[in-house]
Amino acid sequence: MTITKEIVEYAAALSRLKLDDAETEDMQKQMSAIVDYMDVLNKLDTENVEPLSHVFSISNVMREDEVVPSYDREALLDNAPERNEECFVVPKTVE
Amino acid sequence: MKWEVVMGLEVHVELATKTKIFCSCTTEFGGEPNTHCCPVCTGMPGTLPVFNRQVLEYAVRAGLALNCDITRYNKFDRKNYFYPDLPKAYQISQLYLPFAQNGHVDLKLKSGKTSQIRIHEIHMEEDAGKLVHSAYDDSTYLDYNRCGIPLIEIVSEPDFREAEEVTAYLSKLKSVFEYLGISDCRMEEGSMRADVNLSVRPEGSTEFGTRTEMKNINSLRAIERAIAYESKRQIELIEDGGKVVQETRRWDDAKGESYAMRSKENAQDYRYFPEPDIPPLSISEEEIQHYIDITPEFADAKAERFMKDFGLSEEDADIIAASKNLAYIFEETVKLCDSPSEVRFWIMSQVLYYANEKNLDLEKLSISPEKFAEFVKFITGGKVTRQAGKQVFEQLMFGGTDFDVAAYIKENELEAVEDTGLIDSTVKAVIDANPKAVEQYKGGGTKIMGFFVGQVMKQLKGKADPAAVNKAVLDALEKL
């Protein structure tokens, strides 16, 4: 599969990223390299191999349903590029 | 041409765990914005979500109750989309191996007809946060308290043909989940939300038409209206030579119409992949057997038993049994006073009247069976009439935990008038005061009887036995 300029633009749009021409070209190269490697992997015979669902063979990692006091709001909001006293604030997004 | 409406439902139900699905923040409803949050549920980089054990139990029990096959080995997937209601820019959900599949729900409709709705799958996922779009500036304010509340999404097959099936299905889900104690299913508070996929096709056709999806309609009544509106809109569109466009529509209940939100053409590419942060879940046979063993008696079985043991009609039994709380109040009260028909009478008349009038959640009503039984004994013992009893019952429902039935009846002089002399003299006074009505009666107007009885009851403040008053009025009129 070739990664075209259109695919990069599409992927960028889905992630709300704005790439200039140089960045788009750069991404096209990088993504192509990744996808080309998939082609290498695809050559392997995986007929009798279960699809991998997790990189480690662990399961059922769970915690008990016990409330722990939530985080300090001020500390959380402090990470936001834009905020008011009680909320994170983003440019208006109406679907 | 006759048209057939075809619908499928996606129902989101918030599970009543104490904490969120992937962190230990409380799931309590309300609260100041962003005070039930932590670095995990606000999607801070470098945090590790850990799955809540209770979610799996509740989810599996829901799946078993809806007759699903439980996926013994299931896992989570990452659903990527960029919208600020999810701060991580993805939702942890289940696509490839949902925990429950191939279930069904049997419905009983008002006409007595039955129908079966197949469940395609049920999966677990996390709820999103709340967005408040400012009316004053160009900003959206984000409250992530709801973000990470555990949800199950129940996806049906397109088996619905009429609105009544949809509301019966949602009522049944609510009843089942309340009996299991896994959700309160309050549509108005958003703990149960339904998306309706709807298309129309000529009757007899086996192909599906193009469907639209109506999202998050928040009451059964609104759903009925939205379905009526959308099926009419699609039929008229096609009959006028137009084409239905696949789109998401939002129902505006105040205006009574729906409008298109966004076209599905380019927005719906979720690029799912296996969720690396959450290891897979395996469910043992012992666990499943244990959940089957602790399954409570559901509404259908309970209604059957109420009909058989307490002589309730099918309709009354279905209504009472559908609510876990109402069924509990009914059964416990009957145990204490042994008068099922009288208990039924007060539930079907007064409790449902007030619930409807005040828009109360039946599950949150608190009526003490002990006091209810004490009250019923006053009625069945002829000490208080049903008429006067209404006033007592209102206090029984809303008077708080300190309400004292006997003291209230005494204080307000609500005991039944057993003095036949008082009844007779009141009857005489009413007859004397209404010569015109007496003339009518003599002229063959026997319907006027009701008027006399009503007047006497009014004067006696409803405290006399209606049968005794009836007899006294009849006797007095005959003697004239």
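Everything quoted here is computed from the prediction, not taken from an experiment. (Residues numbered from 1 in each chain as written. Chains lettered and ligands numbered in written order. Predicted model: local features only at pLDDT ≥ 70, side-chain atom pairs only at ≥ 80, totals over all residues.)

## Points about the overall build of chain A
- Helix and strand counts for chain A stand at three helices and two strands.
- When the helices and strands of chain A are read in sequence order from the N terminus, they spell out α-α-β-α-β.
- Taking 2.2 N^0.38 as the reference for a compact globule, 95 residues should give roughly 12 Å; the C-alpha atoms of chain A span a radius of gyration of 22 Å, well beyond that estimate.
- Within the span of chain A, comprising 95 residues, buried residues form 7% of the whole. (Helix = DSSP H or I, 4+ residues; strand = E, 2+ residues; numbered from the N terminus. Rg over C-alpha atoms; globule rule 2.2 N^0.38 Å. Buried ≥ 20, exposed ≤ 12 C-beta atoms within 10 Å, placed from the backbone.)

## Quick look at the sheet that holds strand β10 (residues 139-143) of chain B
- An order of β2(A)-β10(B)-β9(B) is seen for the three strands of this open sheet, with the pairing classed as antiparallel. At either end of the open sheet lies a strand with only one pairing partner, and these are β2 (88-91) of chain A together with β9 (130-133) of chain B. Geometrically, the sheet is characterised by an average inter-axis angle of 30 degrees between neighbouring strands, direction not taken into account.
- Pairing of β2 of chain A with β10 of chain B, which is carried by four bridges, proceeds in the antiparallel orientation. Bridged to P91 of chain A within β10 of chain B is S139 of chain B. (Pairing = 2+ DSSP bridges. Axes fitted to C-alpha atoms, helices over the stretch in contact; angles between N-to-C directions.)

## Some points on the sheet that holds strand β16 (residues 273-274) of chain B
All names here are of chain B.
- Spatially, the three strands line up as an open sheet ordered β6-β5-β16, and their pairing is antiparallel. Two strands lie at the open edges of the sheet, namely β6 (90-93) and β16, each paired on one side alone.
- Pairing of strand β5 (residues 77-80) with β16 involves two bridges; the strand directions are antiparallel. Along β16, the bridge assignment pairs D77 with P274.

## Observations regarding the pairing of strand β8 (residues 114-126) of chain B
All names here are of chain B.
- As judged from the eight bridges shared by strand β7 (residues 100-108) and β8, these two strands associate in the antiparallel manner. The residue of β8 that forms the bridge with D106 is Q116.
- Counted between consecutive antiparallel strands, the loop separating β7 from β8 contains five residues, among which G112 sits at a positive phi close to 95 degrees.
- For β8 and strand β11 (residues 150-156), the ladder comprises seven bridges, and the chain directions are antiparallel.

## Remarks on the interface of chain A and chain B
- With 33 residues of chain A at the interface, the matching set in chain B holds 42 residues.
- At the level of elements, β1 (62-63), α3 (73-77) and β2 of chain A are the ones that each hand at least two residues to the side of chain A that touches chain B.
- The greatest single-element share of the side of chain A that touches chain B, amounting to four residues, is contributed by β2 of chain A.
- Its residues assigned to classes, the side of chain A that touches chain B comprises 16 nonpolar, eight polar and nine charged.
- Pairing of β1 of chain A with strand β2 (residues 51-52) of chain B, which is carried by two bridges, proceeds in the parallel orientation. Looking at β2 of chain B, one finds that M62 of chain A is bridged to F51 of chain B. (Contact = placed C-beta atoms within 7 Å. Nonpolar A, V, L, I, M, F, W, Y, C, P; charged D, E, K, R; others polar.)

## Some points on the packing of helix α8 (residues 324-337) of chain B against helix α9 (residues 340-357) of chain B
All names here are of chain B.
- Axis separation between α8 and α9 bottoms out at 9 Å; the angle between their running directions is 145 degrees. As α8 packs across α9, the resulting crossing turns out to be right-handed. Of the residues in α9, those touching α8 at L326, F330, T333, V334 and C337 are P340, V343 and I347.
- Residue composition of the contact of α8 with α9, grouped by class: seven nonpolar, one polar and no charged. (Left-handed = near helix turned anticlockwise from the far one by under 90°.)

## Some points on the nonpolar core
- A62 and V196 of chain B are the most contacted members of the largest nonpolar core, which totals 122 residues.
- Non-local contacts of V196 of chain B, meaning those with residues more than four positions away in its chain, are made with M7, L9, V166, M214, I217, I223, A226 and I227 of chain B. (Core = buried A, V, L, I, M, F, W, Y, C linked by C-beta atoms within 7 Å.)

## With respect to unusual backbone geometry
Residues and elements named next belong to chain B.
- Backbone geometry places N34, a non-glycine residue, at a positive phi of 60 degrees.
- If you trace the backbone, N34 turns up in the loop between β1 (3-14) and β2.
- Even without being glycine, N102 reaches a positive phi, approximately 55 degrees.
- By the element assignment, N102 lies in strand β7.
- Of the residues examined, N102 has 12 C-beta atoms within 10 Å and is grouped as exposed.

## Side note on the environment of P45 of chain B
All names here are of chain B.
- By secondary structure assignment, the location of P45 is in the loop between β1 and β2.
- The exposure class of P45 is exposed, given the 7 C-beta atoms found within 10 Å.
- Sequence-wise, P45 and K88 are 43 residues apart; in three dimensions their C-alpha atoms are separated by 8.5 Å.

## Overview of the domain arrangement of chain B
All names here are of chain B.
- Along its sequence, chain B is carved into domain 1 (3-290), domain 2 (305-411) and domain 3 (420-479).
- Of note, the centres of domain 1 and domain 2, computed from C-alpha atoms alone, are 36 Å apart.
- Each residue belonging to the side of domain 1 that touches domain 2 can be placed in one class, and the counts come to one nonpolar, two polar and three charged. (Domains from an automatic or database assignment.)

## Comments concerning helix α13 (residues 420-433) of chain B
Residue and element names in this part refer to chain B.
- With 14 residues, α13 should cover 20 Å at 1.5 Å per step; its first-to-last C-alpha distance of 20 Å lies within 8% of that length.
- The set of residues buried in α13 consists of I423, T426, V427, V430 and I431. Buried residues of α13 fall within an arc of 135 degrees about the axis and therefore sit on the same side. Opposite its buried face, α13 presents the exposed residues G421, S425, D432 and A433, each directed more than 90 degrees away.
- Close packing links the buried residues of α13 with α14 (435-442), α15 (449-459) and α16 (466-479). (Expected span 1.5 Å × (residues − 1). Arc of directions from axis to C-beta.)

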